[in-house]
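Here are the chains, one letter per residue:
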Amino acid sequence: APHRTAPPTPGGPEALPPLWAMSTESSPLLSSRLFRVAGEAEMPGAAQEEAPLVVGVGGLAPGGLHPDPARQLSTFFGVVVPTVLSMFSIVVFMRIGFVVGQAGFLQSLLMLVVAYFIISLTVLSVSAISTNGAVQAGGAYFMISRTLGPEFGGSIGLMFFLANVCACGVYVLGLVEAILDVFGASGTEVPGAKALPQGYLYSFLYGSLVLLLCLVVCLVGAQIYSKAAFFIFLVVNVVLVTIFASFFAVSPREVIVSWNRNQSFNASFTGFNVSTLRDNMYAMYSRDYTTNNTMSFATVFAVMFNGCTGIMAGSNMSGELKNASSSIPKGTIIAVVYTFVIYFLLFFMTSFTCERALLKGDYGFFRAINIWPPFVLIGIYAASLSASMSNLIGASRILHALAKDDLFGIVLAPAKRVSKGGNPWVAVLYTWALAQVLSSLSPLPPQMCTSAVCRNGKEKG
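We now turn to the structure provided with this report. Computed from a predicted structure; not experimentally measured.

**Quick notes on the side chain of Asn280**
Topologically, Asn280 is positioned in the loop between helix 9 (274-279) and helix 10 (297-305). You can call Asn280 buried: its relative accessible area is 1%. For Asn280, the contacting residues outside a window of four places in its chain are Gly104, Phe105, Thr350, Ser351, Cys354, Glu355, Arg356 and Leu359.

**Re the environment of Phe365**
Relative to the helices and strands, Phe365 resides in helix 13 (residues 365-368). On the basis of relative accessible area, Phe365 is assigned to the buried category, the value being 0%. Spatially, the C-alpha atoms of Phe365 and Phe269 are 9.4 Å apart, while their sequence positions differ by 96 residues. Excluding anything up to four places from it in sequence, Phe365 contacts Gly97, Thr350, Cys354, Leu358 and Leu359.

**Thoughts on the packing of aromatic side chains**
The final tally for this structure, using the stated rule, is 20 aromatic pairs. Centroid distance Tyr289 to Tyr363: 4.6 Å. Interplanar angle 40 degrees. Geometry classified as tilted. A residue pair is termed long-range when its members are at least 10 positions apart, and Tyr289 in the loop between helix 9 and helix 10 and Tyr363 in the loop between helix 12 (356-361) and helix 13 qualify at 74 residues. The structure contains a cluster of three or more aromatic residues connected by ring pairs, namely Phe105, Phe248, Phe272, Phe348 and Phe352. Taking the ring centre of Phe98 as reference, the NZ or CZ of Arg95 above it sits at 5.5 Å.

**Thoughts on a nonpolar patch on the surface**
A surface patch of nonpolar side chains, about 650 Å² in accessible area, is lined by Leu158, Met159, Leu162, Phe408, Ile410, Val411 and Leu434. Top element by residues in the nonpolar patch is helix 6 (residues 150-183). It accounts for three residues. Locating Leu434 in the fold gives a position in helix 15 (residues 425-439). Given a relative accessible area of 38%, Leu434 falls into the partly exposed group.

**Re helix 2 (residues 75-88)**
The terminal C-alpha atoms of helix 2 lie 19 Å apart, and with 14 residues this matches the ideal 20 Å at 1.5 Å per residue to within 8%. Among the 14 residues of helix 2, 11 are classified as buried, and the element is accordingly described as predominantly covered. Here helix 2 has its buried residues at Gly78, Val79, Val80, Val81, Pro82, Thr83, Val84, Leu85, Ser86, Met87 and Phe88. Residues of helix 2 that are buried in the fold lie against helix 3 (91-94), helix 4 (96-130), helix 8 (222-249), helix 11 (324-353) and helix 14 (374-404).

**Thoughts on unusual backbone geometry**
In the Ramachandran plot, Asn292 falls in the positive-phi region, its phi being about 65 degrees despite a non-glycine side chain. For Asn292, the position within the fold is in the loop between helix 9 and helix 10.

**A word on the nonpolar core**
Ranked by size, the top nonpolar core spans 112 residues in total, and within it Phe93, Leu240, Phe247, Met304, Leu346 and Phe366 carry the most contacts. A per-element tally of this core places helix 14 first, with 17 residues. In contact with Phe93, other than residues within four places in its own chain, are Val236, Val239, Leu240, Ile243, Tyr363, Phe366, Val376, Gly379, Ile380 and Ala383.

**Topic: the packing of helix 5 (residues 140-148) against helix 6**
Closest axis-to-axis distance for the helix 5/helix 6 pair is 7 Å, and the angle between their directions is 160 degrees. With respect to helix 6, the axis of helix 5 lies roughly antiparallel. The way helix 5 lies across helix 6 gives a crossing that is right-handed. Contacts from Ala140, Tyr141, Ile144, Ser145 and Leu148 of helix 5 reach helix 6 at Pro150, Phe152, Gly153, Gly154, Ile156, Gly157 and Phe160. Partitioning the contact of helix 5 with helix 6 into residue classes produces eight nonpolar, four polar and no charged.

Scoring rules and cut-offs
- Residues numbered from 1 in each chain as written.
- Predicted model: local features only at pLDDT ≥ 70, side-chain atom pairs only at ≥ 80, totals over all residues.
- Heavy atoms only, no water.
- Helix = DSSP H or I, 4+ residues; strand = E, 2+ residues; numbered from the N terminus.
- Buried < 20%, exposed > 50% of the residue type's maximum accessible area, 1.4 Å probe, protein only.
- Contact = heavy atoms within 4.5 Å.
- Phe/Tyr/Trp six-rings, centres within 6.5 Å; stacked < 30°, edge-to-face > 60°.
- Lys NZ or Arg CZ within 6 Å of the ring centre and 35° of its normal.
- Patch = residues over 30% accessible without salt bridge, like charges linked within 9 Å, V, L, I, M, F, W, Y side chains within 5 Å.
- Areas by Shrake-Rupley, 256 points an atom, 1.4 Å probe, with all protein chains shown as cover.
- Salt bridge = Lys/Arg side-chain N within 4 Å of Asp/Glu carboxyl O.
- Expected span 1.5 Å × (residues − 1).
- Core = buried A, V, L, I, M, F, W, Y, C linked by side-chain atoms within 4.5 Å.
- Axes fitted to C-alpha atoms, helices over the stretch in contact; angles between N-to-C directions.
- Parallel < 35°, antiparallel > 145°, perpendicular 65-115°, else oblique.
- Left-handed = near helix turned anticlockwise from the far one by under 90°.
- Nonpolar A, V, L, I, M, F, W, Y, C, P; charged D, E, K, R; others polar.

Right, here's the structure in full:
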């Protein structure tokens, strides 16, 4: 007679769910005190606690029955757009000439390859972790804490949060400095446009207004942030298109380079010229006119590498992604490849068309050779604003994840609160307040002005 299997008894071993049902998006990366192992809730006497930050497959709420209103972003809007904007920031407009002028084309290309090799290791690590289990709100903090444990994750998550807050404040200050350099009463450019009064209190007021705009966008939620970021993404890419078109459309010309209002000289935009490429091929390190310090491979690489960071901007939005485990690796890799191609083309075309004197003497030379110079200013302001918003909303998500895991007790307890749409509005307010404190430090000394525009504007003024 054929073998007959007795029906499984309720609660017996055969009643456990199959393995494929336990290894989905909703399963944790690491069973620790932050998560319960599968089936523990059904054990007699087990505490019926809700596992923090657990969201199901495809944006479903715990249990997979109800859609999570917070998880609405696709790979493109949630990962590609913020990552590209964070990697470009202001460096793509204000430091290409600095890098090529000092290091030459060959060493600039070497720096680019080394920088992207370094960030590729991070991207591959993030991709491996994010595809190995659940990725909930908190981005890098969540992945580290579920892989290495809450002790490592908590300390690193706190540093990630503070780093994002500091970056937000510095980008705001850089944007204010850039605006005042053109439109301020003591600005150095565009005679007749000096309409904004300057001073410590005015700078604080302008920075507060910029931060208030970022706060409003982030308080409304990730959906409005993604739309604003996408609009800025379009603006930045249109500006980049005009820059590439200018290399072909603008005829060779002499550009007047002015320093400190009393020194000026002529430099040439030659158009595509083999002799210009030959002259720009090798390094020629000299003094940087904004700091008066002699540059080297290490210092130039440090500035250039700043334009390759920001790869975690998409990961920080993990709590708003429809399918974080798939979107984070795909979107981050797409953003890294796209920015690498743009940087390479800019290095190559700049080396082919601009004399070294122009590259070393005016880091904002893209304006002088653009078919319509205000395009570049618009790109600079848009990139600064997007970087500020990205760091503000990313820091708030990390803080919310830290609060949900109760790693800092009552101090961060209010940051657990979310709106009906799942937006951690209290964490956003916490982050905004800290960034506001940083903006009160304006004006920053040149050593702290990591924003290229901030430092450039200070020295030229």
